[in-house]
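Structural description and commentary
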Amino acid sequence: MTRAATVPSNGTVLADTGLPGLVTSGAIFETLIDALQASIARLAAGDAPTRIGVPPVISRELLQRLGYVETFPHLLGTVHTYEGDDQEWRELAAALRNGEPWTRRHELSDVALLPAACYHLYPQLTKAEFTEPAVFDLTGHCYRHERTSEPGRMRSFRMHELIRVDKPESVLCWRDAWIERAAEWLRTLGLVVNVVPANDPFFGAAGRMMGTMQREEQLKWELVVEVADGLSQAVVSCNCHKDHFSAEFEFRMADGEAHTSCVAFGLERIALAVLHKHGADSRHWPAELTHPVVAHPAG
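What counts and how
Residues numbered from 1 in each chain as written. Predicted model: local features only at pLDDT ≥ 70, side-chain atom pairs only at ≥ 80, totals over all residues. Heavy atoms only, no water. Helix = DSSP H or I, 4+ residues; strand = E, 2+ residues; numbered from the N terminus. Areas by Shrake-Rupley, 256 points an atom, 1.4 Å probe, with all protein chains shown as cover. Contact = heavy atoms within 4.5 Å. Axes fitted to C-alpha atoms, helices over the stretch in contact; angles between N-to-C directions. Parallel < 35°, antiparallel > 145°, perpendicular 65-115°, else oblique. Left-handed = near helix turned anticlockwise from the far one by under 90°. Nonpolar A, V, L, I, M, F, W, Y, C, P; charged D, E, K, R; others polar. Buried < 20%, exposed > 50% of the residue type's maximum accessible area, 1.4 Å probe, protein only. Lys, Arg positive; Asp, Glu negative; His and termini not counted. Salt bridge = Lys/Arg side-chain N within 4 Å of Asp/Glu carboxyl O. Polar contact = N/O pair within 3.5 Å; in protein donor to acceptor, adjacent residues only side chain to side chain.

A few points about the overall build of the protein
- Scanning the protein from N- to C-terminus turns up 10 helices and 14 strands.
- A total of about 15,100 Å² of accessible surface is found on the protein, and carbon and sulfur atoms cover 52% of it.

Points about the side chain of Asp 166
- By secondary structure assignment, the location of Asp 166 is in strand E9 (residues 156-166).
- When sequence neighbours within four positions are dropped, the list of residues in contact with Asp 166 reads Pro 133, Val 171, Met 253, Glu 257, Ala 258 and His 259.

A look at the packing of helix H1 (residues 27-44) against helix H9 (residues 267-278)
- At a closest axis distance of 10 Å, the pairing of H1 and H9 adopts a crossing angle of 110 degrees. Of the possible angle classes, the one that applies to H1 and H9 is roughly perpendicular. When you trace H1 past H9, the crossing you get is right-handed. In this structure, H1 uses Ile 28, Phe 29, Leu 32, Ile 33, Leu 36, Gln 37 and Ile 40 to contact H9, whose residues at the interface are Leu 267, Glu 268, Ile 270, Ala 271, Leu 272, Val 274 and Leu 275.
- When the residues that make up the contact of H1 with H9 are grouped by side-chain class, the tally is 12 nonpolar, 1 polar and 1 charged.

Comments concerning the side chain of Arg 269
- The residue Arg 269 is located in helix H9 in this model.
- The buried charged residue Arg 269 lacks any salt bridge, with Glu 146 as its nearest oppositely charged partner at 5.2 Å.
- Among the polar contacts made by the side chain of Arg 269, one reaches the main-chain carbonyl oxygen of Gly 152 at a distance of 2.8 Å.
- One polar contact links Arg 269 to Gln 233, side chain to side chain, over a distance of 3.4 Å.

Any link to function would need more than the numbers given here.
Here you go:
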């Protein structure tokens, strides 16, 4: 008897894989993700961002350099690979048939799973000198080792980020403008938005102290919406990094110091919020996602 494969059908939004925080998505969900991506592109068009593609893995050494390993070891996903030769593998394969663990000859590799899309950008800017502000656009498949089945708190998810490099006062103004722009965008999707100060995983070695500083200086703001009954989560974050990355990778403006800011969209969480509010029938989705008319102006 042949058992049919269990996959999300066109009528299925998400399908459980049996592992917490890990799901597969059906056509409805992916159609919504595509519509959100197109809408975000229109929203950011006035910034004329440079698009960059990033892989879902990143240098383990780089994550350690950025402080992520020290501050968030519980969220980090590492990659282990087979390091033996062909003869060893034949011997191991025979052992596997006798029930021995297949990981016996796997060792920690030089890469880890990507926790934030923008981490790939900053090393590419090493010692760069900018004669004018620059905005970069990245979307990545990210991983954080969440130990929960709470809706929206996925281990594997997609993050769409915009990063600006500019003078210190300008990146802060850009960040502030994006708080308002992103909040208004979420409202056009029919969502009720709360904007709250928070702290995040951008600052490593000084972990808790930097988190406190971020709250006191209001370097990070999160846009929170309801993603399920009685459950609200941050779906967008707007951050000012000050010189954390520019100092580490020695990039600057031609006439002085460079700082960076970013706005990050959690695509799965926003999709869940839209579905929670409007349902899975696309005929009931907001016009911004189904019948867009004009591009949004720059803020």
